[in-house]
Amino acid sequence: MAEIILASQSPRRQELMSAIAPGFRVVVSQVAEDLAPGTPPGEAVEELALRKAGSVLASAPAGADWVVIGADTVVAIDGRILGKPRDREDCLKMLALLSGREHVVYTGVALLRGEQKRVFREEARVEFWPLTPKERHWYADTPEPYDKAGGYGIQGLGAVLVKGIVGDYFTVMGLPVARLWRELRDFVPGYFPL
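A short tour of the structure in this document, coming up. (Residues numbered from 1 in each chain as written. Predicted model: local features only at pLDDT ≥ 70, side-chain atom pairs only at ≥ 80, totals over all residues. Heavy atoms only, no water.)

## Details of the overall build of the chain
- Each helix and strand counted, the chain has 6 helices and 7 strands in total.
- Walking the chain from its N terminus toward its C terminus, one meets helices and strands in the order β-α-β-α-β-β-α-β-β-α-β-α-α.
- Relative to the globule expectation of 16 Å for 194 residues, the C-alpha radius of gyration of the chain, 17 Å, shows essentially globular dimensions.
- Principal-axis analysis of the C-alpha atoms gives the chain an extent of 55 × 35 × 25 Å.
- Out of the 194 residues belonging to the chain, those deemed buried represent 48%.
- Counted over contacts in the chain with a minimum sequence separation of 6, partners at least 24 positions apart contribute 66%.
- Within the structure as shown, the chain displays about 9,400 Å² of accessible surface, and the carbon and sulfur contribution to it stands at 52%. (Helix = DSSP H or I, 4+ residues; strand = E, 2+ residues; numbered from the N terminus. Rg over C-alpha atoms; globule rule 2.2 N^0.38 Å. Buried < 20%, exposed > 50% of the residue type's maximum accessible area, 1.4 Å probe, protein only. Contact = heavy atoms within 4.5 Å. Areas by Shrake-Rupley, 256 points an atom, 1.4 Å probe, with all protein chains shown as cover.)

In structure tokens:
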């Protein structure tokens, strides 16, 4: 039976994977996440997910039947990708930019097994409440935003910033669970009972 490997150190992705593939293992990829300037957000997440999965698959022991899952998430507004905030000031700028507006969260996923490859992405539209300067400073003073694309975590305190969402909530968290389950079911026949 194939072994499912998640190429991510994200605790959120690991938590979501445990719901659909309890026997998975984590092998963290060590790839650069730099992109050519102007890379569209949807292409960016697919490229980075593929890089992460490819790096981990290349480290598989000889004869191992690994199905490697790589994932990447970005937040984009006005066509511009917002990464993780570099510092508090950067976080405050991101929150001001997102305040009262809609942005798009893209999560790309790559599945690799030997020579087989499947890459896809999901996107969700997220609208923020208008945020007062006091609210922005309060959130920037928490530890939550600094390891997250766009400077917020929808599954934590960042939930109070969000007015609405169109699309898969788990895409915003960093792993589109329902789509991934369906893709894995087809990619690894017999792994799931359905």
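## A closer look at the environment of Q30
- Topologically, Q30 is positioned in the loop between β2 (25-26) and α2 (41-58).
- C-alpha separation for the pair Q30 and I69, spaced 39 residues apart in sequence, amounts to 14 Å.

## Let's talk about the packing of aromatic side chains
- If you walk through the whole model with that rule in mind, you get 5 aromatic pairs.
- Ring geometry for W138 against Y139: centres 6.0 Å apart, planes inclined by 45°, an arrangement best described as tilted.
- For W138, a relative accessible area of 40% translates into the label partly exposed.
- On the basis of an interplanar angle of 80° and a centroid distance of 5.4 Å, the ring pair of Y169 and F170 is categorised as edge-to-face.
- Here the aromatic residues W181, Y191 and F192 are joined through ring pairs into a cluster of three or more. (Phe/Tyr/Trp six-rings, centres within 6.5 Å; stacked < 30°, edge-to-face > 60°.)

## A few points about the nonpolar core
- M17, I69, V109, F128, Y152, L180 and L184 are the most contacted members of the largest nonpolar core, which totals 44 residues.
- Here F128 is in contact with L95, L98, S99, G100, R101, H103, Y152, L161, V162 and K163, once residues within four sequence places are set aside.
- Counting 10 residues, the second largest nonpolar core, distinct from the first, contains A49, A53, A110 and L112. (Core = buried A, V, L, I, M, F, W, Y, C linked by side-chain atoms within 4.5 Å.)

## Here's the deal with helix α4 (residues 133-140)
- What α4 keeps buried is the set R136, Y139 and A140. End-on view of α4: buried residues confined to an arc of 100°, all on one side of the axis.
- Elements that come into contact with the buried residues of α4 comprise α3 (88-98). (Arc of directions from axis to C-beta.)

## Focus on the pairing of strand β3 (residues 66-77)
- Counting buried positions along β3 yields 12 of 12 residues, so the element is predominantly enclosed.
- Side-chain alternation along β3 places W66, V68, G70, D72, V74 and A76 on one buried face and V67, I69, A71, T73, V75 and I77 on a second face that is also buried.
- One ladder, built from 9 bridges, connects β3 with strand β5 (residues 102-113); its direction is antiparallel. Following the sheet pairing, V75 is matched in β5 by V105.
- Looking at chain direction, β3 and strand β4 (residues 80-82) are connected through 3 bridges and run antiparallel. (Pairing = 2+ DSSP bridges.)

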